[in-house]
Amino acid sequence: MLKIAKERLNELYAKINEAFGLYIPIKKAGEVNYHVWGEGKEVSIETLKTVKSPKNMFFPQSENMMKFKTEDKNISIEDMNFEKKPFVLFGVRACDYKAIDVLDKVFLADPVDTYYQSRREATTIVTLACSKPEESCFCKVFDIDATAPKGDVTTWLDDNYLYWQANTEKGEKLTSLVAELFEKGGEAEVKAQQDATKAVIDELPFSNLDLSRFKPENLNELFNAKEWEEMSEACLGCGTCTFVCPTCQCFDIRDFKTNDGILRYRCWDSCMYSDFTLMAHGNSRTTQMQRFRQRFMHKLVYYPSQNGGLYSCVGCGRCVNKCPQHLNIVKVIKTLGGKNDD
């Protein structure tokens, strides 16, 4: 294990940025999100949760896909999925890293989404262990260890040092690039931090939610549960939960006429919207209850039944913090799942 003094982190960022593009949590206008690093920018890796998850690095909120031009009877097509330059994504928490695994199973399955694939292959991910979890966190429910996230490199941060451990070939390559800035040591400090953090996580209010009822064999029972109607009554259909969620992957593709031809682009969409998957005959889910139910059945039943038990929720707690009506996945689990949530 290696370590670097906290006051030298800007040297580390600059060194990484010389060889790769560096994306890191940066504070802008009072909010922290992933942005390109640069001298003078306010880096905030201590922030536990960025507003938007790092999925935006692989699956952008909007992206151009191709352009069409017509001249007489000829049509030319310009593919905009260019080769992506290598970059480092720094400070990814354990829950958000697990969310990337969820997205991989969607976008890298046949047929492979080459737009997503090109970004994933270009990325070296440096994760950061949690030391100060919040009350809204419940990653433990999904067997995620916030004190030992995976990734190409795993790091830990305390008041004095950043501790560094390479895990993959990409991680070793990055480590060799910055090794001169580090010294050896840190195992005891990291172990002490992990033990202290695990003790806090065990006491969080949502750490013992019971998922035992959310199984494929209970699909019909859960789908027809009378509780959906009452839970969804206050839902605004605003889509906030889907836009802050690190695992939501719904999108729409549209064509837009410009002065220079037709531009085809992709943008995030939400299953909570009344016009989601709108077709000529209308929408297959005509009520907010049906849309509300679809979102949570997918995360807790449909997705895990098709992916070896892997849930499409990682317990990051963003929806707990952001839903204006407090209709988050914790409420669904408590209402339909077991009662062992004390």
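Look a little higher up for the structure.
Residues numbered from 1 in each chain as written. Predicted model: local features only at pLDDT ≥ 70, side-chain atom pairs only at ≥ 80, totals over all residues. Heavy atoms only, no water.

Draft legend 1. Up close: helix H5 (residues 187–202). If you check H5, its first and last C-alpha atoms are 23 Å apart, about what 16 residues at 1.5 Å a residue would give, namely 22 Å. For H5, the elements touching its buried residues are strand S8 (153–157) and strand S9 (161–166). (Helix = DSSP H or I, 4+ residues; strand = E, 2+ residues; numbered from the N terminus. Expected span 1.5 Å × (residues − 1). Contact = heavy atoms within 4.5 Å.)

Draft legend 2. Local environment of the sheet that holds strand S3 (residues 31–36). Reading across the sheet, the eight strands line up as S3-S2-S6-S7-S8-S9-S1-S10 and stay open at both edges, with mixed pairing between neighbours. Edge strands, defined here as strands with exactly one partner in the open sheet, are S3 and strand S10 (183–184). Bridge count between strand S7 (residues 123–128) and S8: three bridges; the pairing is parallel. Paired with Val-126 across the strands is Val-153, a residue of S8. Sheet strands in contact with helix H1 (residues 9–19) are strand S1 (2–5), strand S2 (21–28), strand S6 (87–92), S8 and S9, and its direction is about 135° off that of S2. Contacts between helix H4 (residues 169–178) and the sheet are confined to S1, S6, S7, S8 and S9, with S9 contributing the most and set at about 135° to the helix. (Pairing = 2+ DSSP bridges. Axes fitted to C-alpha atoms, helices over the stretch in contact; angles between N-to-C directions.)

Draft legend 3. Region of the structure containing H4. Where H4 is concerned, the buried positions are Gly-171, Leu-174, Thr-175 and Val-178. Along the long axis of H4, the arc covered by the buried residues comes to 105°, so they all point the same way. Residues of H4 that are exposed and point over 90 degrees away from its buried face: Glu-169, Lys-173 and Ser-176. On its buried face, H4 is in contact with S1, H1, S6, S7, S8 and S9. (Buried < 20%, exposed > 50% of the residue type's maximum accessible area, 1.4 Å probe, protein only. Arc of directions from axis to C-beta.)

Draft legend 4. Main features of the layout of surface pockets. Volume-wise, the largest pocket comes out at about 370 Å³. Taken together, 19 residues form the lining of the largest pocket, with Tyr-97, Lys-98, Asp-101, Ile-144 and Lys-150 sitting closest to its centre. The greatest single-element share of the lining of the largest pocket, amounting to six residues, is contributed by helix H2 (residues 94–107). (1 Å grid on protein atoms, 1.4 Å probe; cavity = no way out; pocket = protein on both sides within 12 Å on 5 of 7 lines; lining within 4 Å. Points joined across faces, edges and corners; volume = space filled by probe spheres on them.)

Draft legend 5. Up close: the side chain of Asp-269. Inspection of the secondary structure puts Asp-269 in the loop between strand S12 (261–268) and helix H9 (288–306). For the buried residue Asp-269, which engages in no salt bridge, the nearest side chain bearing the opposite charge is Arg-254, 6.1 Å off. Filtering out sequence-adjacent residues up to four positions away, Asp-269 remains in contact with Phe-243, Cys-250, Phe-251, Asp-252 and Phe-276. (Lys, Arg positive; Asp, Glu negative; His and termini not counted. Salt bridge = Lys/Arg side-chain N within 4 Å of Asp/Glu carboxyl O.)

Draft legend 6. Structural detail: the sheet that holds strand S5 (residues 74–79). Taken together, four strands build an open sheet; the order of strands is S5-S4-S12-S11 and the sheet is antiparallel. Single-partner strands in this sheet number two, and they are S5 and strand S11 (251–258). Adjacent strand axes in the sheet meet at a mean angle of 20° when their direction is disregarded. Sheet topology places strand S4 (residues 62–71) next to S5; six bridges connect them, and they run antiparallel. Bridged to Phe-68 within S5 is Ile-77. Strands S4, S5 and S12 of the sheet are contacted by helix H3 (residues 114–122), whose axis makes an angle of about 130° with S4.

Draft legend 7. Up close: unusual backbone geometry. Along the chain, Asp-110 connects to Pro-111 via a cis peptide bond; the corresponding omega equals -5°. Structurally, the position occupied by Pro-111 is in the loop between H2 and H3. Although it is not a glycine, Asp-72 adopts a positive phi angle of roughly 55°. Counting through the fold element by element, Asp-72 comes out in the loop between S4 and S5. Residue His-326 is not a glycine yet carries a positive backbone phi of 60°. Note that His-326 resides in the loop between helix H10 (318–322) and helix H11 (329–336). Judged by its relative accessible area of 55%, His-326 falls in the exposed class.

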